[in-house]
Number of protein chains: 4
Amino acid sequence: MTAGLVNGVHHLFTRVYYEDTDAAGIVYHANYLKFAERARTEMLRALGVEQGRLRRETGLAFAVKRCVVEYSRPALLDDELVVESRLVALGGASLEVDQRVKRGAAELARLAVRVACLGRDGRPARLPPALRAALMELLPKVEPDAT
Amino acid sequence: MTAGLVNGVHHLFTRVYYEDTDAAGIVYHANYLKFAERARTEMLRALGVEQGRLRRETGLAFAVKRCVVEYSRPALLDDELVVESRLVALGGASLEVDQRVKRGAAELARLAVRVACLGRDGRPARLPPALRAALMELLPKVEPDAT
Amino acid sequence: MTAGLVNGVHHLFTRVYYEDTDAAGIVYHANYLKFAERARTEMLRALGVEQGRLRRETGLAFAVKRCVVEYSRPALLDDELVVESRLVALGGASLEVDQRVKRGAAELARLAVRVACLGRDGRPARLPPALRAALMELLPKVEPDAT
Amino acid sequence: MTAGLVNGVHHLFTRVYYEDTDAAGIVYHANYLKFAERARTEMLRALGVEQGRLRRETGLAFAVKRCVVEYSRPALLDDELVVESRLVALGGASLEVDQRVKRGAAELARLAVRVACLGRDGRPARLPPALRAALMELLPKVEPDAT
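Model, not experiment: these values are computed from the prediction.

Procedures and definitions
Residues numbered from 1 in each chain as written. Chains lettered and ligands numbered in written order. Predicted model: local features only at pLDDT ≥ 70, side-chain atom pairs only at ≥ 80, totals over all residues. Heavy atoms only, no water. Pairing = 2+ DSSP bridges. Helix = DSSP H or I, 4+ residues; strand = E, 2+ residues; numbered from the N terminus. Axes fitted to C-alpha atoms, helices over the stretch in contact; angles between N-to-C directions. Contact = heavy atoms within 4.5 Å. 1 Å grid on protein atoms, 1.4 Å probe; cavity = no way out; pocket = protein on both sides within 12 Å on 5 of 7 lines; lining within 4 Å. Points joined across faces, edges and corners; volume = space filled by probe spheres on them. Nonpolar A, V, L, I, M, F, W, Y, C, P; charged D, E, K, R; others polar. Least-squares fit on C-alpha atoms with pLDDT ≥ 70 in both. Buried area = accessible area lost by both parts, 1.4 Å probe. Salt bridge = Lys/Arg side-chain N within 4 Å of Asp/Glu carboxyl O. Polar contact = N/O pair within 3.5 Å; in protein donor to acceptor, adjacent residues only side chain to side chain. Expected span 1.5 Å × (residues − 1). Buried < 20%, exposed > 50% of the residue type's maximum accessible area, 1.4 Å probe, protein only. Phe/Tyr/Trp six-rings, centres within 6.5 Å; stacked < 30°, edge-to-face > 60°.

Draft legend 1. How the structure looks around the sheet that holds strand S5 (residues 94–103) of chain A. What the twelve strands build is an open sheet, ordered S1(A)-S2(A)-S4(A)-S5(A)-S6(A)-S3(A)-S3(B)-S6(B)-S5(B)-S4(B)-S2(B)-S1(B); its pairing is antiparallel. Strands with a single pairing partner mark the edges of an open sheet, and in this sheet they are strand S1 (3–6) of chain A together with strand S1 (3–6) of chain B. Geometrically, the sheet is characterised by an average inter-axis angle of 25 degrees between neighbouring strands, direction not taken into account. With respect to the sheet, helix H3 (residues 129–136) of chain B is in contact with strand S3 (61–71), strand S4 (80–90) and strand S5 (94–103) of chain B, its orientation differing from that of S4(B) by roughly 110 degrees.

Pasting the structure below:
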């Protein structure tokens, strides 16, 4: 397995190659956004959505609207990383994903990403109902009140 | 001029090439972090600091610790962009820069970036005094109280 | 000047940033192709052609069909490079460019690039006459035979 | 399996993400060199060599000296590609690899890459004997003469 959903959390395994590193000997900071995008793409694919086909068939595309990245430790050449992605919010035309880049148990970077669904005109467009229903399943469940 | 300081605000002019774009026809979201890093590098160079030489001579390097990016409009192939960089805070071993990517007067993206100065051991290290003094000059002045 | 034609040879000046380097401390080999593409883009722009507009207005796009790169010395962080581009052949629907990446007088890499002009259907398409005429001016002149 | 050796030919499976594409809607030409480098890295890893560790322990690094790329058909977003790598020549301090990027049976690009082994001083250095022996096993066998 190189990618998959476990209890609503998506895991993508990815390797660090020379292309990802910089002259400081570590992964270049902007490349964590690439790793995170690969992970969101695979999370959608695990739900049956290929972005290229979605765009050709419906005109819908996903665009990052906001991204907060916090870097705690550097990733290095040859590292095998796992990107954990958790859907944390779901709007009519947007979603928010909490993503963590880890090497084993060590967290290297954490991203909070807000993605908008856009139509052909570049304006916000409602998520397709089937995708929305599938994403709902990934949202953390609110525990029923015990009282 | 392709880069320079005007009233404490650094301006870097940069062009969008095919390498910067993606299949959605716009600049790939992670590449704004590259544009911003080019601009911070030129801002330091305008203050007399070359990061490669700094690292060879003192072991000091700058590392992004936190980055918040908000995307408002997409940049397109052939666009000439300007990255405006404003130093907004200066600590003993870190600095914060507000950066805006514009096409003409239109703001396309805004970044708040916290950069740490690290020593050879990867731990926070004090900024060199000469650089710190030069950066102080870029901080917005607190207006003297008129009353 | 950061780019321009001098005696039929196009010169693009470009700086090496962290994004261009890798953990070996040098410019990542694939990135010389990016520098070369920036240079070809500016050579076309110097002739009045913007590729984005050309594509929107005529459907024509340029695609690299073949590239030979020879690396002689590594480029390093902070280097200011110049890419020299010489048109060496011009067909009905293609062109060949000899490109050299230099640091001062030292040649770091040399590229021989064949670019095809493609129509909306992805098939070879004749170069627009005005562009073809402008490119002809860049071809090395054959000296008239003195005998 | 995402990578492995089959009859001396190394296969790396890799997916096309937005980061790999450009505004022409296809994989950016320089990125095939990244795919090829990932494949060579995994071919070495399959022989027990991690380049990062090799460099830390022996100072040896691999550098691309020459690369010929021929592009026949474009790769697209979401494509699953396989990079086939065949060692075709082995010198004392260099090796040559024939690499093909395919989508299913269709060949999209072909690369001939010469890689040099360099020491800490940047000069050619002999391949470590164990790696050399392992690479010898990958070379195509000369058929014994039947007569």
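Read on, since the account is not over.
Draft legend 2. Highlighting empty space enclosed by the protein. The final tally for this structure, using the stated rule, is three cavities of 30 Å³ or more. Considering only enclosed or pocket space, the largest cavity measures out at about 110 Å³ in volume. In terms of lining residues, the largest cavity is bounded by A:Glu19, A:Thr21, A:Tyr28, A:Asn31, A:Lys34, B:Lys34, C:Glu19, C:Thr21, C:Tyr28, C:Asn31, C:Lys34 and D:Lys34. Taken together, the elements giving at least two residues each to the lining of the largest cavity come down to helix H1 (31–46) of chain A together with helix H1 (31–46) of chain C. Roughly 90 Å³ of internal volume is contained in the second largest cavity. As for the second largest cavity, its lining consists of 13 residues, of which A:Lys34, B:Glu19, C:Lys34, D:Glu19 and D:Asn31 are closest to the centre. Within the lining of the second largest cavity, the residues separate by chemical class into two nonpolar, four polar and seven charged.

Draft legend 3. Here's a closer look at the relation of the copies chain C and chain B. The two copies are related by a screw operation: chain C maps onto chain B through 180 degrees of rotation and 0.0 Å of translation along the axis, at an RMSD of 0.0 Å. Taken together, these values place the two copies in the relation of a two-fold axis. Comparing interface residues between copies, 100% of those in chain C also lie at the interface in chain B; the contact surface is shared.

Draft legend 4. Here's a closer look at the interface of chain C and chain B. Each partner contributes to the interface: chain C provides 18 residues, whereas chain B provides 18 residues. Regarding the contact of chain C and chain B, the summed buried area is about 1,800 Å², with carbon and sulfur atoms giving 44% of it. Looking only at chain C, the three residues that lose the most surface to chain B are C:Tyr17, C:Tyr18 and C:Glu19, adding up to 33% of its buried area. Here chain C and chain B share six salt bridges between them. Note that C:Asp78 and B:Arg45 form a salt bridge whose closest N and O atoms lie 3.5 Å from each other. Counting across the chain C and chain B interface gives six residue pairs in polar contact (both at pLDDT 80 or more).

Draft legend 5. Seen up close, helix H1 (residues 31–46) of chain D. Residue and element names in this part refer to chain D. The terminal C-alpha atoms of H1 lie 23 Å apart, and with 16 residues this matches the ideal 22 Å at 1.5 Å per residue to within 8%. The element H1 is largely enclosed, with a buried count of 15 among its 16 residues. Where H1 terminates, the next one or two residues include Gly 48, which has phi positive at roughly 95 degrees.

Draft legend 6. Structural detail: the packing of aromatic side chains. All names here are of chain A. Applying the stated criterion across every chain yields a total of eight aromatic pairs over all chains. Centre to centre, the rings of Tyr 32 and Phe 35 are 6.1 Å apart; their planes meet at 65 degrees, and the pair counts as edge-to-face. With Tyr 32 and Phe 35 both in helix H1 and three residues apart, this pair spans about one turn of that helix. Judged by its relative accessible area of 0%, Phe 35 is buried. Grouping aromatic residues by their ring pairs yields a cluster made of Tyr 32, Phe 35 and Tyr 71.

Draft legend 7. Spotlight on the layout of surface pockets. Here the largest pocket is characterised by a volume of approximately 1,200 Å³. Around the largest pocket, the lining is made up of 45 residues, and of these A:Ala24, A:Ile26, B:Arg55, B:Ala61 and C:Tyr18 lie nearest the centre. For the lining of the largest pocket, the elements supplying multiple residues, two or more each, are helix H1 (31–46), helix H2 (51–58), S3 and strand S6 (106–118) of chain B. For the lining of the largest pocket, a count of residues per class yields 25 nonpolar, ten polar and ten charged. Considered as a void within the structure, the second largest pocket measures approximately 1,000 Å³ in volume. Elements with a minimum of two residues in the lining of the second largest pocket: helix H2 (51–58) of chain A together with H1, helix H2 (51–58), strand S3 (61–71), strand S5 (94–103) and strand S6 (106–118) of chain C. For the lining of the second largest pocket, the per-class residue count stands at 22 nonpolar, nine polar and nine charged.

Draft legend 8. Highlighting the side chain of B:Ser85. All names here are of chain B. By secondary structure assignment, the location of Ser 85 is in strand S4. For Ser 85, a relative accessible area of 0% translates into the label buried. Looking at Ser 85, its side chain comes within polar contact range of the side chain of Gln 99, at 2.9 Å. Not counting residues within four places of it along the chain, the set of residues in contact with Ser 85 comprises Gly 8, Val 9, His 10, Ala 39, Met 43, Val 97, Asp 98 and Gln 99.

Draft legend 9. Quick look at the interface of chain A and chain B. Contacts between the two partners involve 19 residues from chain A, matched on the other side by 19 residues from chain B. Across the chain A to chain B interface the summed buried area is about 1,800 Å²; carbon plus sulfur atoms make up 52%. Among the residues of chain A in contact with chain B, A:His29, A:Leu33 and A:Tyr71 are the three that bury the most area, contributing 25% of the side total. Scanning the region where chain A abuts chain B turns up two salt bridges. One salt bridge in this structure joins B:Arg66 and A:Glu70, with 3.3 Å as the shortest N-O distance. Residue assignment for the side of chain A that touches chain B shows that the elements contributing at least two residues are H1 and strand S3 (61–71) of chain A.

Draft legend 10. Just the side chain of B:Arg38, in detail. Its place among the elements puts B:Arg38 in helix H1. At 2.8 Å, the side chain of B:Arg38 and the side chain of C:Glu19 are in polar contact.

Draft legend 11. Main features of the pattern of salt bridges. Overall, the coordinates contain 44 salt bridges over all chains when judged by the stated rule. Between C:Asp98 and C:Arg110 there is a salt bridge, with its nearest N and O atoms 3.5 Å apart. Taken together, the positions of C:Asp98 in strand S5 and C:Arg110 in strand S6 put the pair twelve residues apart, joining distant regions of the chain. Residue classification places C:Asp98 among the buried positions, given a relative accessible area of 13%. The structure contains a network of salt bridges with shared partners spanning A:Arg15, A:Asp78, D:Glu42, D:Arg45 and D:Glu50.

Draft legend 12. Seen up close, the pairing of S4(B). All names here are of chain B. One ladder, built from six bridges, connects strand S2 (residues 9–15) with S4; its direction is antiparallel. When the bridges of S4 are listed, His 10 appears paired with Ser 85. Judged from the eight bridges that link them, S4 and S5 form a sheet pairing that is antiparallel. Counterpart to Val 83 in the pairing with S5 is Val 101. Hairpin connection between S4 and S5: a loop of three residues separates the two successive antiparallel strands.

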